[in-house]
Amino acid sequence: MVMLWAAAWVICLMGMAALVLDLGRVMAVKEQLQTSVDAGSLAASMHGIRYVKVLVPDRWKRVCDICCGEKGCYCCNCQYYRLSDYLAEGRKDYVWDRSGWYRMAGCGSCGRCCRVYCGRPQVVEQWVQFPGDTVAVARQVVELNLPDDMKPPAGGGVSSVAVEVHSGVAEKQSEYATHSDPLAPSVVVKAAGWMRSLLAGGLWKVDRLEVQSCGQSGVFFLKLGRSGQQTANLNPRPEPG
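Summarised in this report is the structure supplied together with it.

Rules used throughout
Residue indices begin from 1 for each chain and proceed along its sequence in written order. Reporting of local features is limited, given that this is a predicted model, to residues whose pLDDT is at least 70; pairs of side-chain atoms are given and counted only at 80 or more, and all residues count toward the totals for whole chains, interfaces and linings. Each side-chain value is derived from all of the structure's non-hydrogen atoms; neither hydrogens nor water enter the calculation. Nonpolar core, defined: a set of buried Ala, Val, Leu, Ile, Met, Phe, Trp, Tyr and Cys residues in which side-chain atoms within 4.5 Å join the residues together. Think of it in three bands: residues with accessible area under 20% of the maximum for their type are buried, residues over 50% are exposed, and the middle band is partly exposed, with areas taken using a 1.4 Å probe on protein chains only. Numbered from the N terminus, helices here are DSSP runs of H or I no shorter than four residues, and strands are runs of E no shorter than two. When checking whether two residues touch, look at their non-hydrogen atoms; a contact exists if any pair is within 4.5 Å. Disulfide: a pair of cysteine sulfur atoms within 2.5 Å of each other.

1. Structural notes on the nonpolar core
Argument step 1. Within the largest apolar cluster, 19 residues are counted, with the highest numbers of intra-cluster contacts made by L33, V142, V187, V189 and A191.
Argument step 2. With 5 residues, helix 1 (residues 2-45) is the largest single contributor of residues to this core.
Argument step 3. Excluding its chain neighbours within four sequence positions, the residues that come into contact with V187 are S41, A44, S45, F130, T134, V163, E164, G215, Q216 and S217.
Argument step 4. If you look at the next biggest cluster of nonpolar residues, it comprises 13 residues, including A88, Y102, A105 and V116.

What follows is the structure, given as structure tokens:
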């Protein structure tokens, strides 16, 4: 009788040990998989390209005649013409960061005795576009960083790697971007797979243990104001006279 009880206790202890060991491995592998999907989503989100629409208002064109006298030639009989507002659209690093709107709107000199004056630029919209290889980049990073227990040599495998790309538009003068898609702009990566069971497989006929994880990385909009550098390039229209 004592031997039967001892055998039963040994079996119970072995089962508990197998459960603890496999659960510990699952937690460790899940943590490694979380790192993999986080790395994949971060690498993909860094592929995002920021775009902006900048409104250039209050454009005026000054055209003058060329008058010559004893002291040389100079601009005279100047006339001012009101120009329509200009909407500059393109990559943020050019249109806004490098004052590309100034050149796109034709601000500055337009010839001898000719000049275009522009008002303060205003950011109307900004959004993020992801290149076509964003999904492939996320998948590749996840596969390169998979836990060893989920690789075929260790008896594991990957059942799916899903990548969701969310783009969005930020409205003018909003400190935080508001979108119809609550996940925009970001990249979400979901991965699922399995790992080979050790002791639990022999005791409870569980051949593999399921593991899954999800990661998200966002591309945040900046609140684009009117910096001193931008203001210095405005070249406001002087008063006629």
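2. So, the state of the cysteines
Argument step 1. If you walk through the whole model with that rule in mind, you get 6 disulfides.
Argument step 2. Each sulfur in the disulfide pair C64 and C78 lies 2.0 Å from the other. Of note, the bridge from C64 to C78 carries an S-S torsion of about 110° and is right-handed in sense. Here C78 lies in strand 3 (residues 72-83) and C64 lies in strand 2 (residues 59-69), a separation of 14 residues in the sequence.
Argument step 3. Take C64: its relative accessible area is 8%, and that puts it in the buried class.
Argument step 4. The connectivity of the disulfide bonds within the protein can be written as 1-7, 2-6, 3-4, 5-10, 8-12, 9-11, using the sequence rank of each bonded cysteine.

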